[in-house]
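# Close look at the chain arrangement
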Amino acid sequence: MQPADPPDGGRVVRPGPLRWLQYAFGGRLPARHRPWVLHDTTTRTWAWRHVARSLVQLAVPVALVLLLVPGPFWIRGMAALGGVAMGLIFSVAYMTETTEHRLVRAGYPAGTAAAAHDRAAQERLAAESVRKREAAARRAARYRGES
C-alpha cells in the first residue's frame, strides 16, 4: 500500500522541537514531514542521528535515576552510566531495523532504508575508486618526471 503524497509536493519540512521529541520517542509525524523522515533515516549522517535519538530517549531514565534513587551520587552516576552504555549497545545493534521501521511507519515500503544505504555505499566506493586512480596517475606522472 503506497500512501498519498504529502500536500507540499515532497518538500523536506523539518518538524519543530516538540514534534521531533515525539518522533524521537517513536511517535508518528504528520504526512507533511514524510520526506524529512526519509532524509533523516537515509542521509550520510543517519547513524549519528539514530544515536542522538537514542540518547534523548535515555535521558529520561538517567534523570530519574540521578534524581530519585537514594544513595551516594557516585553510585547513581555509575548506574546511570551503565544504563546508557547498555542502552546504546542495544540501540546500535538494532539500528538498521529501527530505521527501517521508522520509514515503514512514515508510509514508505519496507527495504527503502537498506536500498538507500546500499546506493550511498556504492557511490562512496565509486568516488573513492576515482580518487585513488587520480592519485595513482599523479604519482606515476611525478615518477616519470611529467609534472
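Thresholds, definitions, all that
- Residues numbered from 1 in each chain as written.
- Predicted model: local features only at pLDDT ≥ 70, side-chain atom pairs only at ≥ 80, totals over all residues.
- Heavy atoms only, no water.
- Helix = DSSP H or I, 4+ residues; strand = E, 2+ residues; numbered from the N terminus.
- Rg over C-alpha atoms; globule rule 2.2 N^0.38 Å.
- Buried < 20%, exposed > 50% of the residue type's maximum accessible area, 1.4 Å probe, protein only.
- Contact = heavy atoms within 4.5 Å.
- Areas by Shrake-Rupley, 256 points an atom, 1.4 Å probe, with all protein chains shown as cover.
- Lys, Arg positive; Asp, Glu negative; His and termini not counted.
- Charge placed at Lys NZ, Arg CZ, Asp CG, Glu CD.
- Axes fitted to C-alpha atoms, helices over the stretch in contact; angles between N-to-C directions.
- Parallel < 35°, antiparallel > 145°, perpendicular 65-115°, else oblique.
- Nonpolar A, V, L, I, M, F, W, Y, C, P; charged D, E, K, R; others polar.
- pLDDT = per-residue confidence, 0-100.
- Polar contact = N/O pair within 3.5 Å; in protein donor to acceptor, adjacent residues only side chain to side chain.
- Core = buried A, V, L, I, M, F, W, Y, C linked by side-chain atoms within 4.5 Å.

We now examine the overall build of the protein chain. A count of helical and extended segments in the protein chain gives six helices and zero strands. Counting from the amino terminus, helix and strand elements in the protein chain follow one another as α-α-α-α-α-α. Its C-alpha atoms give the protein chain a radius of gyration of 22 Å, clearly above 15 Å, the size a compact globule of 147 residues would have. Taking the principal axes of the C-alpha coordinates as reference, the protein chain spans close to 75 × 50 × 25 Å. The 147 residues of the protein chain split such that 26% are buried. If you take every contact in the protein chain between residues at least 6 apart in sequence, the share linking residues at least 24 apart comes to 57%. With an accessible surface of roughly 10000 Å², the protein chain has 65% of that area assigned to carbon and sulfur atoms. In the protein chain, 21 positive and 10 negative side-chain charges are present, and the distance between their average locations comes to 7 Å.

Along the chain, the position of G26 falls in the loop between α1 (17-24) and α2 (34-42). A C-alpha to C-alpha distance of 18 Å links G26 and T112, two positions 86 residues apart in sequence.

Taken N-terminus to C-terminus, the directions of helix α3 (residues 46-68) and helix α5 (residues 95-105) make an angle of 90 degrees; their axes are 11 Å apart at the nearest point. With respect to their mutual orientation, α3 and α5 come out roughly perpendicular. Mapping the contact onto sequence places W46, A47, H50, R53 and Q57 in α3 and M95, T96, T98, T99 and R102 in α5. For the contact of α3 with α5, a count of residues per class yields three nonpolar, five polar and two charged.

Attention shifts here to the confidence of the model for the protein chain. Across the protein chain, pLDDT averages 90, with 92% of residues at or above 70. The low-confidence segment residues 1-7, where pLDDT is below 50, has 10 contacts with residues more than four positions distant or belonging to other chains.

For the rest of this paragraph, the subject is the side chain of S91. Tracing the chain through its elements places S91 in helix α4 (residues 73-93). In terms of polar contacts, S91 uses its side chain to reach the side chain of H50, at 2.9 Å. Not counting chain neighbours up to four residues away, the residues in contact with S91 comprise H50 and S54.

Here the focus is the nonpolar core. Counting residues in each nonpolar core, the largest one holds nine residues, listed as W20, Y23, A24, L29, W36, V37, L103, Y108 and A113. Looking at this core, the elements that each hand over two or more residues are α1 and α2. Sequence-distant contacts of L29, that is, excluding residues within four places in its chain, are made with P15, R19, Y23, W36 and V37.

Turning to the environment of R76, a few remarks are in order. Residue position: R76 is located in helix α4. Distance in space between the C-alpha atoms of R76 and V62 is 9.0 Å, their sequence separation being 14 residues. Not counting residues within four places of it along the chain, the set of residues in contact with R76 comprises V65, L66, L67, V69 and G71. Within the local environment of R76, its side chain forms a polar contact with the backbone oxygen of G71, the two atoms lying 3.2 Å apart.

Another aspect to go through is the environment of R28. Along the chain, R28 turns up in the loop between α1 and α2. As a C-alpha pair, R28 and R53 span 25 residues in sequence and 14 Å in three-dimensional space. For R28, the contacting residues outside a window of four places in its chain are Q22 and R105.

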